[in-house]
Amino acid sequence: MTLNQKSLDLEDERTTQKRYRSKVRPKSVGTRGPAVSYGALLGRIALRGPNELLGGHGDFYIGESYANLDGVRVFSWAAPVACTFFRGSQHHELCHEVALIRAFEHQGENLVDFHDEPMSDQVPAEPFRKRTLRVPAAPRRPAKLRPPAPPMPRQPAPPVAETITTTTVRAEAMLRAQLAAPRTRSLAPVLATLQPDQYDLVTVPAMDSMIIEGQPGTGKTIVASHRAAYLVSRDTPPENTLDGSVLVVGPTAAYSHHVRDVINRLTGGSDRVRVLSLPELMMTILDMEKPPAGEISRTSQDVDENLARFVRAAIPHVRKKVLHPGCIDVYNHLRRNGTGDHPVTRDPKWMGYLYGLPTASDALAQRAHTPLMATIQWEIQKPPTLTGVEHIIVDEAQDVTALEWHLLASINEADAWTVIGDLNQRRSDHTKATWQEVVGLLDIPVGDPPIRRLERGYRSTRPILEYANRLLPAADRSVLAFQQDGPQPVVEKCSRTTLDTALVSQVKRLNAAYPKGTVAVITADPEAAETRLRRAGWARVRAGVWERTQREVTVTHPDGARGLEFDGVVVVEPADFPQNLGRQGPLYTALTRPNRELVVLHTKPLPDKLRVVS
Ligand SMILES: Nc1ncnc2c1ncn2[C@@H]1O[C@H](COP(=O)(O)OP(=O)(O)OP(=O)(O)O)[C@@H](O)[C@H]1O
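Please read all numbers here as calculations on a predicted model, not as lab measurements.

Caption draft 1: Focus on the sheet that holds strand E16 (residues 545-548). As summarised here, the arrangement of the seven strands in space is E13-E19-E18-E14-E17-E16-E15, forming an open sheet in which the pairing is mixed. Only two strands of the sheet have a single neighbouring strand rather than two, namely strand E13 (490-493) and strand E15 (539-542). For this sheet the average axis-to-axis angle between neighbouring strands, irrespective of direction, equals 25°. Both E15 and E16 contribute to a ladder of three bridges, which runs antiparallel. The residue of E16 that forms the bridge with Arg 540 is Trp 546. Packed on one face of the sheet, helix H17 (residues 496-513) meets E13, strand E14 (519-523), strand E17 (551-556), strand E18 (566-572) and strand E19 (594-602) and runs near 170° to E19.

Caption draft 2: Inspection of the packing of helix H10 (residues 327-335) against helix H13 (residues 370-380) at higher detail. The geometry of H10 relative to H13 is characterised by a closest axis approach of 9 Å and an angle of 120° between their N-to-C directions. The angle between the axes of H10 and H13 places the two elements in the oblique class. Between H10 and H13 the crossing geometry is right-handed. Each of Cys 327, Val 330 and Tyr 331 in H10 lies in contact with H13, whose residues at this interface are Met 373, Ile 376, Gln 377 and Ile 380. Here the residues of the contact of H10 with H13 sort into six nonpolar, one polar and no charged.

Caption draft 3: Layout of the site of the ligand. Residues in close proximity to the ligand total 23 residues, the closest being Val 190, Pro 216, Lys 220, Thr 221 and Tyr 458. Listing elements by their share of the shell around the ligand, those giving two or more residues are helix H4 (172-180) and helix H6 (220-232). Partitioned by chemical class, the residues of the shell around the ligand number eight nonpolar, 11 polar and four charged.

Caption draft 4: Layout of the UniProt feature "domain: UvrD-like helicase ATP-binding" (unreviewed entry) in the chain. In the UniProt entry, the feature "domain: UvrD-like helicase ATP-binding" (unreviewed entry) is given for residues 193-461. From the first C-alpha to the last, residues 193-461 spans 18 Å; its make-up is 42% helix and 14% strand.

Caption draft 5: Highlighting unusual backbone geometry. We note that Ala 171 has phi near 50°; this positive angle belongs to a residue other than glycine. Within the fold, Ala 171 resides in the loop between helix H3 (131-134) and H4. Note on Ala 171: 26 C-beta atoms within 10 Å, which makes it buried. One non-glycine residue, Asp 415, adopts positive backbone phi at about 55°. By the element assignment, Asp 415 lies in the loop between helix H14 (402-411) and strand E11 (416-421). Looking at Asp 415, the number of C-beta atoms within 10 Å reads 15, which means it is partly exposed.

Caption draft 6: Region of interest: the environment of Gln 436. Mapped onto the elements, Gln 436 comes out in helix H15 (residues 435-442). Judged by the 13 C-beta atoms lying within 10 Å of it, Gln 436 is partly exposed. A sequence separation of 92 residues divides Gln 436 from Ala 528, and the C-alpha atoms of the two residues are 40 Å apart.

Caption draft 7: Broad picture of the pairing of strand E1 (residues 41-51). Direction of pairing for E1 relative to strand E2 (residues 57-63): antiparallel, over a ladder of six bridges. Following the sheet pairing, Asn 51 is matched in E2 by His 57. Taken together, E1 and the strand that follows it, E2, pair antiparallel across an intervening segment of five residues, in which Gly 55 is found at a positive phi of about 60°. In the sheet, E1 pairs with strand E5 (residues 98-107) via five bridges, with the strands oriented antiparallel. Counterpart to Leu 47 in the pairing with E5 is Val 98.

Caption draft 8: The UniProt feature "binding site: ATP" (unreviewed entry) in the chain, seen in detail. As recorded in UniProt, the sites labelled "binding site: ATP" (unreviewed entry) are Gly 214, Gln 215, Pro 216, Gly 217, Thr 218, Gly 219, Lys 220 and Thr 221. Tracing the sequence through the fold places Gly 214 in strand E7 (residues 209-214). The class for Gly 214 is buried, based on 21 C-beta atoms found within 10 Å. Within the secondary structure, Thr 221 sits in helix H6. Its 23 C-beta neighbours within 10 Å are what place Thr 221 among the buried residues.

Cut-off values and rules
Residues numbered from 1 in each chain as written. Predicted model: local features only at pLDDT ≥ 70, side-chain atom pairs only at ≥ 80, totals over all residues. Pairing = 2+ DSSP bridges. Helix = DSSP H or I, 4+ residues; strand = E, 2+ residues; numbered from the N terminus. Axes fitted to C-alpha atoms, helices over the stretch in contact; angles between N-to-C directions. Contact = placed C-beta atoms within 7 Å. Parallel < 35°, antiparallel > 145°, perpendicular 65-115°, else oblique. Left-handed = near helix turned anticlockwise from the far one by under 90°. Nonpolar A, V, L, I, M, F, W, Y, C, P; charged D, E, K, R; others polar. Near = placed C-beta within 6 Å. UniProt positions renumbered as here; feature names shortened; annotations may be inferred. Buried ≥ 20, exposed ≤ 12 C-beta atoms within 10 Å, placed from the backbone.

Structure below.
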């Protein structure tokens, strides 16, 4: 295609984009501000020839929702026919007719470029209808006289044998450009570059439960967020959707913030998807304003599923004494181990545990006891805002304890689950060590294969992943990084006095290297790092965020970094990171947060595995 032709075609596409936006936008724009979808066209499909399903035309668009632009059809990304664009494995009957796929590149609201990918050796000479050349500006017929377009079949056709595989990378140039762009504070929709394996997982029917596993940066959160939107889209085939709502559960409030925008953009701000971190969920149940503090559990008993059983058995006894018991009445009943006639348990191990519980007000303030308090409250009075949930998507599921799984299972009215995680990032010994145990606990059927894997890492470059993966068992160490090139991690041995200057100068260097991007310091001792920054002239703008000369740095404990990403990350003193059963989940999470550059500063010896030169 000549340059001139391309710019004419681009003009055409921009015109269609404008018309599409003006048609769909009033439906999707609400009062929720910039997070709401703006009606982007994602791409365009040219078939090998005209097709009667398309009223004799041979091309169509894929966009954020359905529209008919005077005979030019835009199908939603959630409709089965979008498989022609995403190259998933549950093919639509038009999949094997595809000659050319055009993917649109947007900057903000502007369509700035397109990328064509031939899929067949039979690409028609003029694959796409050209509006500026072919469509005369003739007076238009009144809409009511226009013949209705033939309906598109909604059922996906049986898979066809062809060379499309889910390991294929699609829209590669755009994907590369997107990953090289500065990271922002919240995740963005990636529909135009969604990969075939991700699309397959996003579009699994709502009532099918599954476990998805993948190393850091393989797109698990992308799948979680796009799947939430797919499940409630009005363009999703009815057999794949649900009547109720979807709850997306993540690890921290920062994670909820990270994904809320993308879901709002994809759903047009639908109130059928709720995003809450586990602590936020429990605070909602308990109607608490301040998050509880401290460890997620002191002992495995704090989060043991037996507690849920005790609570359910205790409530009828408490109700005999108190007509409308509150959370505290039930808690105190447990603390006393019930009554002489009806003890909660006769097991000495559990009796000791119950007698040792703190007072109710202390328990409410301690994170280790929030799952128990929330379980009690849920059993006695469910908040109406959390009813009607039919599918729960749990991200960072490796960090959910047994008692929390029980609570989530009580909330889930249709028992449909998408459980997503990475066991290598586990941060506690008190969570389940295998997915089989989680499946057993939830008592759900999962399909075949029982665990689906996302293999390709998108976030971190190969040098970063190779360094971080040294922490893993040998069998998990191989790296499939989409971004092959990037700076080697900088590992700097410091003295206690030089650590201060090294930290500040690395933060400044990364800020300068990624002027539009994000930088973080991840440390087991955020207070010490904040003191160093304060002394160097940085000022706190909000919790965990510091500013100097209009540049920001986030300072966080590894627990707070889960699910997040930054362009540059400084990891301070790996030897001080919490370990579980000798494994380095929190350190592994920290080392895999950067998209572009990793710096490790240490005064103490590095963990053995990081000292090994591969
Ligand atoms: N198809 C895609 N197109 C563009 N960007 C993508 C795509 N898939 C993943 N990414 C990007 O890769 C980065 C990592 O994705 P994501 O956060 O979903 O990974 P993850 O598996 O949840 O990681 P972790 O477990 O480490 O938190 C994000 O910036 C995301 O936007």
